[in-house]
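Understanding the architecture of this molecule
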Amino acid sequence: MSRRKDAGRREPIGEQEARAKVAAARRVVVKVGSSLLMDPNTGISYANSRPWCAAIVRQLEAGRQVLLVSSGAVAQGTASLGWSRPPADLPNMQAAAAVGQMGLVGAYAAVFAEHGRRTALVLLTHEDVAERQRYLNARSTLTRLLELGVVPIINENDTVATDEIRFGDNDTLAALVASLLSAEALVLLTDVDGLHRQDPRLNAAAERVAYAEAADPALDQCCGRGGALGRGGMVTKVAAARTAGRSGAHTIIADGSQPGVLERIFRGERVGTCLAADVEPLVARKRWIAGQPRPKGDLVLDAGAAAAVRKRGVSLLPVGVVAVRGEFRRGEVVRCVTEDGEAVAQGLVNYASAEVAKIKGIASAEIGGRLGYAVEPELVHRDNLVVI
Ligand code: GLU
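Our subject in this report is the structure included herewith. Computed from a prediction, not measured in an experiment: that's the story for all the values here.

Our next topic: the site of the ligand. As a matter of local geometry, the ligand sits amid Ser71, Gly72, Ala73, Val74, Asn155, Asp158, Asp169 and Asn170. In this structure, Gly72 approaches the ligand through a main-chain N or O atom, which is 3.1 Å from an oxygen atom. For the ligand, a nitrogen atom lies 2.9 Å from a polar atom in the side chain of Asp158. When isolated, the ligand has an accessible area of 300 Å², and the protein chains bury 82% of it. Looking at the shell around the ligand residue by residue, the class counts come to two nonpolar, four polar and two charged.

Here it is in structure tokens:
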């Protein structure tokens, strides 16, 4: 694959380094396709799910945070309703998803409980990651679930998602979850052992792409029209790897039915296809925040808070704010300025301007008493704050 250099991107890394970063990743998203979960006649198969649920538990025990993106609601609903094939129309598809999601989460809850692990169901639509306020809510809830040691089982909210607000496929959903949570790796488990230069189902000698940069345009040839891999869903997988790569996650596409596949991936072995990110997650996130459109308002910081944000990269607490200007809602972009009007930082704010007016200057522990509720202890979390 050709190497390229773009302004603002770091030098490409090689396969060994990318795979080592996957092995060292602390927060990862694993996406499993329906084919790995389902028995075509009976629906969700506990026998199929047990081995890789156990593999996920071993990763949790090793100190990794794992978010599981699982397909299968429509397939499970189709089986439960006794239909011979998945519905093509939206109302029936949504009804099948609503029925099937029950079986899906029931199976995950039972299988993870065998290991003493709790699970949580998180259903998302495109708007939940695109709309600012919901974006912060989704990020903060998922982060808390991970801190609690719970395994979030994420799927698209097929029941309410109309065509305009659908992700459409769980590869895209998984990539957006990786970027929402600044994950370092995205693992797409499917029924093919990665990207190939020819269709592996037609040509047993098809060459596997072991490694490429996700942004490499030459990858399109492996999954374009002519490349039969498009039919195997590789187009959405490469697109997902590019989305994940722009926010710093390296992607592995691998055959989920191979025994021990997750362990091998997380040992950094040459499994499937590795598509490397072009930035580090934190750099990507800060760049994204810095590149947001015009801030909606200003938070005026006292000298101590301004110095701490500048030098130590800490979160901004209400106690350090002396005034608020402009009108904004939770999740919007604000500027942090000194009392002399000098810009210090830019970030996504956790409280609306009217709330900030009430809580500025107070200790975080007093937010609840002042507002009647407390969303977060910080006005702007350090992960959402970039010094300018
Ligand atoms: N959200 C759909 C389901 O659970 C699956 C979409 C996909 O397979 O990518 O059935």
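Attention now moves to the packing of aromatic side chains. For the coordinates displayed, the defined rule picks out three aromatic pairs. Judged by centre distance (5.4 Å) and plane angle (35°), the ring pair of Tyr135 and Trp288 falls under tilted. Within this pair, whereas Tyr135 is found in helix 7 (residues 132-147), its partner Trp288 is found in helix 12 (residues 281-290), the two being separated by 153 residues in sequence. Taking relative accessible area as the criterion, Trp288 reaches 37% and is therefore assigned partly exposed. Chaining the aromatic ring pairs together yields one cluster made of Trp52, Tyr108 and Phe112.

Nonpolar side chains collect at one region of the surface, where Leu81, Trp83 and Val99 lie side by side and expose about 230 Å² of accessible area between them. Inspection of the secondary structure puts Trp83 in the loop between helix 4 (73-80) and helix 5 (90-113). Residue Trp83 is classed as partly exposed on the basis of its relative accessible area of 34%.

Glancing now at the pairing of strand 1 (residues 27-32). Most of strand 1 sits inside the fold, with six of its six residues counted as buried. Pairing analysis gives six bridges linking strand 1 to strand 4 (residues 65-70), with the strands arranged parallel. Within the sheet, the bridge partner assigned to Lys31 lies in strand 4 and is Val69. Note that strand 1 and strand 7 (residues 185-190) share five bridges and pair parallel. Counted as the bridge partner of Val30 is Val187 from strand 7.

Turning to helix 8 (residues 170-180), a few remarks are in order. In terms of burial, helix 8 is a largely internal element, eight of the eleven residues being buried. Every buried residue of helix 8 is accounted for by Asn170, Asp171, Leu173, Ala174, Ala175, Val177, Ala178 and Leu180. Of the residues that open helix 8, the one with a side-chain oxygen 3.0 Å from the backbone nitrogen of Asp171 is Asp169. Positioned one or two residues after helix 8, Ser182 has a phi angle of 50°, which is positive.

Turning our eyes to something else, we now look at the pattern of salt bridges. The tally for this structure, following the rule as stated, stands at 23 salt bridges. Its salt-bridge partner being Arg134, residue Asp128 comes within 2.7 Å of it at the nearest N-O pair. Here Arg134 falls in the partly exposed class, since its relative accessible area comes to 33%. With a shortest N-O distance of 2.9 Å, Glu147 and Arg144 are connected by a salt bridge.

Let's shift gears to the sheet that holds strand 4. Strand order across the open sheet formed by eight strands is 5-6-4-1-7-9-10-8, with mixed pairing between neighbours. Bordering the open sheet on either side are strand 5 (119-124) and strand 8 (211-213), each of which pairs with just one other strand. Strand-to-strand twist across the sheet, computed as the mean angle between neighbouring axes with direction ignored, equals 20°. Alignment of strand 8 against strand 10 (residues 273-276), held across three bridges, turns out to be parallel. From the neighbouring strand, Glu213 faces strand 10, where its bridge partner is Ala276. Here helix 5 sits on the sheet and contacts strand 1, strand 4, strand 5 and strand 6 (151-156); the angle it forms with strand 5, its principal contact strand, is near 150°.

With that settled, the discussion passes to helix 13 (residues 303-312). Regarding helix 13, the residues found buried are Ala305, Ala306, Ala308 and Val309. All buried residues of helix 13 fall inside an arc of 165° around its axis, so they share one side. With respect to the buried face of helix 13, the exposed residues turned more than 90 degrees away are Ala303, Gly304, Lys311 and Arg312. Backbone geometry just after helix 13 places Gly313 at a positive phi near 60°.

Now for unusual backbone geometry. A positive phi angle, near 50°, is found at Ser182, a position not held by glycine. Structurally, Ser182 is set in the loop between helix 8 and strand 7.

Basis of the calculations
Residues numbered from 1 in each chain as written. Predicted model: local features only at pLDDT ≥ 70, side-chain atom pairs only at ≥ 80, totals over all residues. Heavy atoms only, no water. Near = heavy atom within 4 Å. Polar contact = N/O pair within 3.5 Å; in protein donor to acceptor, adjacent residues only side chain to side chain. Areas by Shrake-Rupley, 256 points an atom, 1.4 Å probe, with all protein chains shown as cover. Nonpolar A, V, L, I, M, F, W, Y, C, P; charged D, E, K, R; others polar. Phe/Tyr/Trp six-rings, centres within 6.5 Å; stacked < 30°, edge-to-face > 60°. Helix = DSSP H or I, 4+ residues; strand = E, 2+ residues; numbered from the N terminus. Buried < 20%, exposed > 50% of the residue type's maximum accessible area, 1.4 Å probe, protein only. Patch = residues over 30% accessible without salt bridge, like charges linked within 9 Å, V, L, I, M, F, W, Y side chains within 5 Å. Salt bridge = Lys/Arg side-chain N within 4 Å of Asp/Glu carboxyl O. Pairing = 2+ DSSP bridges. Axes fitted to C-alpha atoms, helices over the stretch in contact; angles between N-to-C directions. Contact = heavy atoms within 4.5 Å. Arc of directions from axis to C-beta.

As far as function goes, none of this settles anything; it's purely spatial.
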